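# Analysis of the macromolecular model
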Amino acid sequence: MRLWSLDPAMLDRQGLIACWREALLAQAVLLGRTKGYTQHPQLERFREHPQPAVAISAYLHGLRDEATRRGYKFDPQRISQPLDEHTGSAARIAVTAGQLDLEWQHLLHKLAVRSPVHRADVVSTEPPSPHPLFVVVPGPVASWERAS
């Protein structure tokens with residue numbers, strides 16, 4: 001599971017679709033609708049949020065907004081909470097600069113292999129911006145990160 005901290009605009013088609021599916025799985029875990037992936041480390045930051053269901057809904061809406069911008073049809077009915085003032089004003093989650101940089105380098109490596117044209121389009125985006133749910137703070141890679 002990779003719940004990218006990066007702005008969804010940075011993701012290629014495959015990455016955006018995979019992130020949508022994985023975030024829907026994360027939503028199911030956070031809502032107690034599945035027994036799998038309950039201990040996945042990337043869920044820690046959502047569990048620590050004062051309103052985990054609101055946070056994952058806001059995250060999914062951010063992905064859907066990018067998909068819509070690209071002409072894809074991600075079903076908003078799959079998101080547990082509608083985009084309204086409650087989800088739209090969800091408390092932002094801190095992501096460290098070290099974590100964002102690690103994810104950026106990881107994504108650039110993936111894009112070099114599977115989407116070199118998209119990589120060329122986004123590589124000029126320095127520093128990369130976070131998903132709208134996140135706010136960048138100084139610090140190293142997150143303790144929950146398992147990427148090598």
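Residues numbered from 1 in each chain as written. Predicted model: local features only at pLDDT ≥ 70, side-chain atom pairs only at ≥ 80, totals over all residues. Heavy atoms only, no water.

Another aspect to go through is the pattern of salt bridges. Within the structure shown, the criterion is met by five salt bridges. Among the salt bridges present, the one from Asp 12 reaches Arg 114, with a minimum N-O distance of 2.7 Å. With Asp 12 in the segment before α1 (13-30) and Arg 114 in helix α5 (residues 97-114), the pair connects residues that are 102 residues apart, well separated along the chain. We classify Arg 114 as partly exposed; its relative accessible area is 34%. Residue Arg 69 pairs with Glu 66 through a salt bridge whose shortest N-O separation is 2.6 Å. Taken together, the positions of Arg 69 and Glu 66, both in helix α3 (residues 52-69) and three residues apart, correspond to about one turn of that helix. The exposure class of Arg 69 is exposed, given its relative accessible area of 58%. (Salt bridge = Lys/Arg side-chain N within 4 Å of Asp/Glu carboxyl O. Helix = DSSP H or I, 4+ residues; strand = E, 2+ residues; numbered from the N terminus. Buried < 20%, exposed > 50% of the residue type's maximum accessible area, 1.4 Å probe, protein only.)

This brings us to unusual backbone geometry. Notably, Tyr 37 is not glycine yet its phi reads approximately 60°, a positive angle. Position of Tyr 37 relative to the elements: it lies in the loop between α1 and α2 (44-47). Residue Tyr 37 is classed as partly exposed on the basis of its relative accessible area, which comes to 48%.

Moving on, we get to α5. Over its 18 residues, α5 runs 25 Å from end to end, which matches the ideal 26 Å to within 8%, given 1.5 Å per residue. The secondary structure elements touched by the buried residues of α5 are α2, β1 (93-96), α6 (116-122) and β2 (134-137). (Expected span 1.5 Å × (residues − 1). Contact = heavy atoms within 4.5 Å.)

This part takes up the packing of aromatic side chains. As enumerated under the stated definition, the model contains five aromatic pairs in all. Their ring planes at 35° and their centres at 4.7 Å tell us that Trp 20 and Phe 74 sit as a pair that is tilted. Here Trp 20 is found in helix α1, whereas its partner Phe 74 is found in the loop between α3 and α4 (85-88), with 54 residues between them in sequence. With respect to burial, Trp 20 and Phe 74 carry one shared label: buried. Aromatic side chains Phe 46 and Tyr 59 sit 5.6 Å apart centroid to centroid with 85° between the ring planes, which places their arrangement in the edge-to-face category. (Phe/Tyr/Trp six-rings, centres within 6.5 Å; stacked < 30°, edge-to-face > 60°.)

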